[in-house]
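Read off the chains here:
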Amino acid sequence: MKKAKGWTVVKNGSLFDGTGSPAQANSCVLIKDGLIQYAGPVPQAPPAPPDAMIVDAKKGTIMPGLVEAHFHATYFNVAELADLDIKYPVEYVTLLAAANAKLALECGYTAARSCGSLHNIDVWLKKAIEQDLCPGPRMAAAGREICGSGGLMDWNPDYLKLGMEGLILLVNGPVETRAAVRKLAKDGVEWVKTYPSGDAASPHADHHSLCMTREELDAAVAEAHNFKLKVTGHCRATQGIKNALLAGFDALEHATFIDSETLDLLLARNVPVVPALYFEKASIERGKEFGMPQRAIDGHKETLEGGAESARKILKAGGRLGMGGDYGFAWTPHGDYAKELTFFVTEVGFPALDTLRCATKTGAEILGREKDLGTLQAGKLADVLVVDGDPIKDIRILEDRSRFIAVMQGGIIKAGQLA
Ligand SMILES: [Zn+2]
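Residues numbered from 1 in each chain as written. Predicted model: local features only at pLDDT ≥ 70, side-chain atom pairs only at ≥ 80, totals over all residues. Heavy atoms only, no water.

**Regarding unusual backbone geometry**
What counts, and what does not: We call a residue buried when its accessible area falls under 20% of the maximum for its residue type, exposed when it is over 50%, and partly exposed in between, using a 1.4 Å probe and counting protein chains only. A helix here means a DSSP run of H or I that spans at least four residues, while a strand means a run of E at least two residues long, and both kinds are numbered starting from the N terminus.
Although it is not a glycine, Asn26 adopts a positive phi angle of roughly 45°. The class for Asn26 is partly exposed, based on a relative accessible area of 48%. Located in the positive-phi region is Lys161, a residue other than glycine, with phi close to 55°. With respect to the helices, strands and loops of the structure, Lys161 is situated in the loop between strand S9 (145-148) and strand S10 (168-171).

**Examining the coordination of the zinc ion**
The condition that has to hold: Atoms are scored as donors when they are N, O or S and lie within 2.8 Å of the metal, with 3.2 Å used for Na, K and Ca; no water is included, so coordination may look incomplete.
The protein atoms that coordinate the zinc ion are His70 (NE2), His72 (NE2) and Asp326 (OD), at distances of 2.0 to 2.1 Å. Mapped onto the sequence, the residues coordinating the zinc ion show the spacing H-x1-H-x253-D. Taking the relative accessible area as the measure of exposure, His70 reaches 1% and is therefore buried. Note on His72: relative accessible area 1%, which makes it buried.

**Some remarks on the packing of helix H1 (residues 90-106) against helix H2 (residues 121-130)**
Definition in use: Each axis is a line fitted through C-alpha atoms, taken for helices only over the stretch in contact, and angles between the N-to-C directions span 0 to 180 degrees. In these notes the angle categories are as follows: under 35 degrees is roughly parallel, over 145 is roughly antiparallel, 65 to 115 is roughly perpendicular, and the rest is oblique. For any helix crossing, the convention is left-handed if the near helix is rotated counterclockwise from the far helix by under a right angle, and right-handed if that rotation is clockwise. We call two residues in contact whenever any of their non-hydrogen atoms come within 4.5 Å of each other. In this classification, the charged set is Asp, Glu, Lys and Arg, the nonpolar set is Ala, Val, Leu, Ile, Met, Phe, Trp, Tyr, Cys and Pro, and all remaining amino acids, among them Gly, are polar.
For the pair H1 and H2, the least separation of the axes is 10 Å and the interaxial angle reads 50°. Relative to H2, the element H1 lies oblique. The crossing of H1 and H2 is right-handed. Contacts from Val90, Val93, Thr94, Ala97, Ala98 and Ala101 of H1 reach H2 at Ile121, Leu125 and Ile129. Looking at the contact of H1 with H2, its residues break down into 8 nonpolar, 1 polar and no charged.

**What about the side chain of Asp199?**
We apply this condition: The term polar contact refers here to a pair of N or O atoms within 3.5 Å; inside protein, the definition further demands a hydrogen-donor-capable atom paired with an acceptor-capable atom, and it admits residues adjacent in sequence only when both atoms are side-chain atoms.
Mapped onto the elements, Asp199 comes out in the loop between strand S11 (191-194) and helix H4 (214-226). Overall, Asp199 belongs to the buried group, its relative accessible area being 5%. Polar side-chain contacts of Asp199 include one of 3.0 Å to the side chain of His234. What Asp199 contacts, discounting residues up to four positions off in sequence, is Leu152, Ala205, Asp206, His207, His234, Arg236 and His300.

**Looking at a nonpolar patch on the surface**
For the record, the criterion: A patch consists of residues exposed above 30% relative accessible area that lack any salt bridge, with like charges linked at up to 9 Å and nonpolar side chains (Val, Leu, Ile, Met, Phe, Trp, Tyr) linked at up to 5 Å. Values of accessible area rely on a 1.4 Å probe in the Shrake-Rupley scheme; residue burial ignores everything except the protein chains shown. By convention in these notes, a salt bridge is any Lys or Arg side-chain nitrogen within 4 Å of a carboxyl oxygen on Asp or Glu.
A surface patch of nonpolar side chains, amounting to about 440 Å² of accessible area, comprises Ile86, Tyr159, Leu160 and Leu162. Checked against the element boundaries, Leu162 lands in the loop between S9 and S10.

So far we have only geometry, and geometry alone does not tell us how the molecule works.
Here it is in C-alpha cells:
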C-alpha cells in the first residue's frame, strides 16, 4: 500500500493514542513519508517544515484507525444460513466483498482481520488492497473455514448434493483436518478458522454442542503452526473453549461460556478473544422480522448473556479482547461495525477508553501487525482517524461517518470530510 510523501501535521485536537492512556488535550501527530514521527502534546512537538500539509482536527479527537477483528468481507445481506454459500456466484461475491471493504474503510476501519471467507476471496482482496487496486482495510486473511461434518457450518441437506465447498472445508478426523490446513496454507491465509463448537443459529448443532474433536483441533494447530499460521475458532460451549485452549489456539471467537478453569487457561497464554456480541443483540431484536425461529432467538438470548458475562470477566482479569462482530447479516449490515463499540459501552458496561483500546491496539495484535498498527506512536504507520467530537465521552459518534474529518492510511487521506 502506498504511503504519503512529505510531511503532514494533524493538529488542534485531543490525542487518544490507542495504548489505553487517557486522551491528552492540545496534541498533534507529525507524519513524515507515511510514518508517525511524533504523537503527543503540542508544546513538546519537534518543529515541522513550513510546507507540511495541515489537517485541522477542529478540537476533536486524533486516534488510531479502528480494527475490525472479526470481519467477513464476503457476507452480504445474509438472512438465513443458506445465503452464506449459494445465493450468489463467486464473481458477484468478489465484487460484493470489494464494496464491503471500501465501506469498512469509510467507516474508519483501517485494518481488519478476516474470520472466514467464501472461495479464498479475502486472500485476493487483501492483495488487491495492498496493491492499491481497491480501497479497504489492511487485512489478515483466513480463506475457507474448517468444520467437522455435521457441525454448525454443514447445513446444506445431503439430498441437494450441494456440499459446502464455497465456505467450508468439512473434515472427519485429524488426517482430513491436517489436509484442510495444508490446503489453506497453500491458498495463502494467515489465520485458520475452525469450529470447536456450535451456535444458537443451527437447527442441529446448537451452542452447547461440539463440532470438532480435541484430536481434530490438535491436528489443526500442529499443522497450522508448522506453516506459521495462527488458529482461531468459534467457541461457545465451555468444553469447546477448553478443547481449543488445550490444543494451543492463538485466539478465540466468542468464548461465550467461559468458566474459571477456562479463564485461567486463557490468561496463562494471554489468548485474545473477540466476543462479537452486538450480533446476538440484533438477532434477538430483529430475528422475527427475518423469520428466525423462536428456538434460535432463545438461544441468542442465552449466548448474549453468557458472552457479556465472559467479556466482563476477561476484561476484569486483564485479558485481551478484540472488537469485531460478524457484520454482513440482514440485521447487522456492513457499515454498522461501530455499533459493536457502542454496545460494549452502553450495555456490557465497558469503559469507553478500554473499548477503544480493544478496537485499536488489541485489534492490531490480533492481526499480527502490532509493530506497524494499532497505536499512534513514533515509527508506526500513520493509520489515523480524525474525529469531529469526543468518542470517549460519547462512543456513538463513531457510528456516524459524517463526523470523520479524515481516515488516513500511511498518511494518505482515504475517506472523511477531507477526502
Ligand atoms: Zn463469524
